[in-house]
There are 2 protein chains.
Amino acid sequence: MISKNQIRFIRALHAKKGRESHRLFLCEGSKGVLEVIAGSYEVLQVFAFQEWIDENAAAVSAHKPVPEPVLLSEMERITALSTPSPALAVVRMKEHSLPAEAAPDGLTLVLDDIQDPGNLGTIIRIADWFGIRRIVCSPGTAELYNPKVIQATMGSFMRVEVVYGEISAFLSLTGLPANIFGTFLSGKNIYEAELSSNAVIIVGNESRGISEAAEKFVTDKITIPSYALDKKERGHAESLNAAIATAIVCAELRRRSHV
Amino acid sequence: MISKNQIRFIRALHAKKGRESHRLFLCEGSKGVLEVIAGSYEVLQVFAFQEWIDENAAAVSAHKPVPEPVLLSEMERITALSTPSPALAVVRMKEHSLPAEAAPDGLTLVLDDIQDPGNLGTIIRIADWFGIRRIVCSPGTAELYNPKVIQATMGSFMRVEVVYGEISAFLSLTGLPANIFGTFLSGKNIYEAELSSNAVIIVGNESRGISEAAEKFVTDKITIPSYALDKKERGHAESLNAAIATAIVCAELRRRSHV
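Throughout what follows, the structure given in this document is the object of discussion. (Residues numbered from 1 in each chain as written. Chains lettered and ligands numbered in written order. Predicted model: local features only at pLDDT ≥ 70, side-chain atom pairs only at ≥ 80, totals over all residues.)

Overview of the relation of the copies chain A and chain B
We count it as follows: C-alpha atoms of residues with pLDDT of at least 70 in both copies form the basis for the least-squares superposition of the copies. Note on contacts: residues are paired as contacts if their backbone-placed C-beta atoms lie within 7 Å.
The transformation that overlays chain A on chain B combines an axial shift of 0.0 Å with a rotation of 180°, and the residual RMSD is 0.0 Å. Accordingly, the operation relating the two chain copies is best matched by a two-fold axis. The fraction of interface residues of chain A whose copies in chain B are also interface residues reaches 100%, indicating that both copies meet through the same surface.

As for the interface of chain A and chain B
Convention followed: Each helix is a run of DSSP H or I of at least 4 residues and each strand a run of E of at least 2, with the numbering of both proceeding from the N terminus. Each residue gets one label: Ala, Val, Leu, Ile, Met, Phe, Trp, Tyr, Cys and Pro are nonpolar, Asp, Glu, Lys and Arg are charged, and the others, such as Gly, are polar.
Taken residue by residue, the interface counts 31 residues in chain A and 31 residues in chain B. For the side of chain A that touches chain B, the secondary-structure elements that each account for two or more residues are helix H7 (117-129) and helix H12 (242-258) of chain A. Residue contributions to the side of chain A that touches chain B peak at seven residues, all from H12(A). Of the residues belonging to the side of chain A that touches chain B, the class tally is 16 nonpolar, eight polar and seven charged.

Side note on the sheet that holds strand E8 (residues 179-189) of chain B
Residues and elements named next belong to chain B. Which entries qualify depends on this criterion: Pairs of strands are assigned from DSSP output, requiring at least two bridges between the strands. Inter-axis angles, ranging from 0 to 180 degrees, are taken between N-to-C directions of lines fitted to C-alpha atoms, where helices are fitted over the stretch in contact.
One open sheet accounts for six strands, arranged E7-E6-E5-E9-E8-E10; its pairing is parallel. Edge positions in the open sheet fall to strand E7 (161-164) and strand E10 (220-223), since each of these has one partner strand only. Across the sheet, the mean angle from the axis of one strand to that of its neighbour is 30°, orientation sign disregarded. Sheet topology places E8 next to strand E9 (residues 199-203); four bridges connect them, and they run parallel. The residue of E9 that forms the bridge with Asn179 is Ala199. Where helix H7 (residues 117-129) meets the sheet, its contacts fall on strand E5 (108-111), strand E6 (134-137), E7 and E9, and the angle it forms with E5 comes to roughly 170°.

Quick word on the sheet that holds strand E6 (residues 134-137) of chain A
Residue and element names in this part refer to chain A. Strand order in this open sheet of six strands is E7-E6-E5-E9-E8-E10, and the pairing throughout is parallel. The sheet terminates laterally at strand E7 (161-164) and strand E10 (220-223), the two strands that pair on one side only. Sheet twist, expressed as the average angle between the axes of neighbouring strands with direction ignored, equals 30°. Pairing of strand E8 (residues 179-189) with E10, which is carried by five bridges, proceeds in the parallel orientation. Across the sheet, residue Phe181 finds its bridge partner in E10, namely Asp220. Packed onto the sheet, H7 meets strand E5 (108-111), E6, E7 and strand E9 (199-203) and runs at close to 170° relative to E5.

Put into structure tokens, the structure is as follows:
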């Protein structure tokens, strides 16, 4: 049983304003909730179907808080998803700010106004897969704690550090890797370019690409070659989705450093 | 000015049932509408802001039908998008069915229950970028003419043939390429596998992967290596999004055949 006040409180966390004022966010889905209660985030409350609580008794009993059973009709009132999942957690945000020093060796992604929550979540999942520890987001990038972002990360938000701040401030830090890659439609073919896994990759906005302010810092403009057929006759895709381009670049960087 | 009957009719096309009974779908967005009226699909009606009609007078005057001006308040009542775009077209579906013969040389994608409309649209856009002419979808795959799919293709639905049918029927055709690739979590590292650009690639469902019925046809199980750090300590992403995996495989196939 969940009170009207609790419902109102959780629904407030569907909106950015509510999340920011309480510094809390929602994590939903069976797997996501199990991961978050076992992870390093502070979980304040868990609401779940009785069946789910019984099935996962071993996993949930080792962690606080004790899940509160709710009915489907109640879950439908608190979920931020279009289809309710069997479990929902209320979680405290972590405070991340721009690093004062350059990262240790490795790859860093810089997101220049990635606005689609699905794209941001997918990019975080890609980073986790390819062993990228840190993502620096411009203030215009989608909010990490948006339920659509959290959902699309499939749990990877717990393993990748995502910080927000002016990207020109980050790109001005001393000690950054020498290579700052940016994807452009008219850069050097990535399969012919020299690539390094100790680098920064800038990912541009879905429609505008990389901003002029960020482009100044790019040392290597790269492009993913298209193999569209009969370009003149048929027309062809003008670009790839931002998350898709990020994945292809990350995969190629990792391939090179492991050949 | 748009009548109540027209509003009701267009809103019926937001749902699959309405689209199937009328054999019509919606295409929205400035660029998408300009492309669809210039393309090979039959466009029955266009509704647009007067400003958009004036700006695109040259492009729209060469094609029928003449756009009907609508106000923002009217567009808000007919759009299937969360934020209305300046133009909306009512378009006749094309009838695609499973081919009776194998495709000519080249790559074919087979989608085994890709359920997320955004993933399907993104995969169509990837196919267009990489010069893949045909996608064969299982009956459980998202519907091509869902507004979210059309939106995510960014116009690529006009250039890639997307057909629906039992994929085991397609995979049983004689004359198919010898290599049927499928991505698995425990396949051969794609960077060490022999790849061919004259092939079929099977893409599995977002959570269940490739079905047993389709797996029987796979000649080469491949996997995209992860470079997650400290796997045991930190945990790591268990998989990549289906569209992301498709993009990385297509990019690698094209890279190999152009080296």
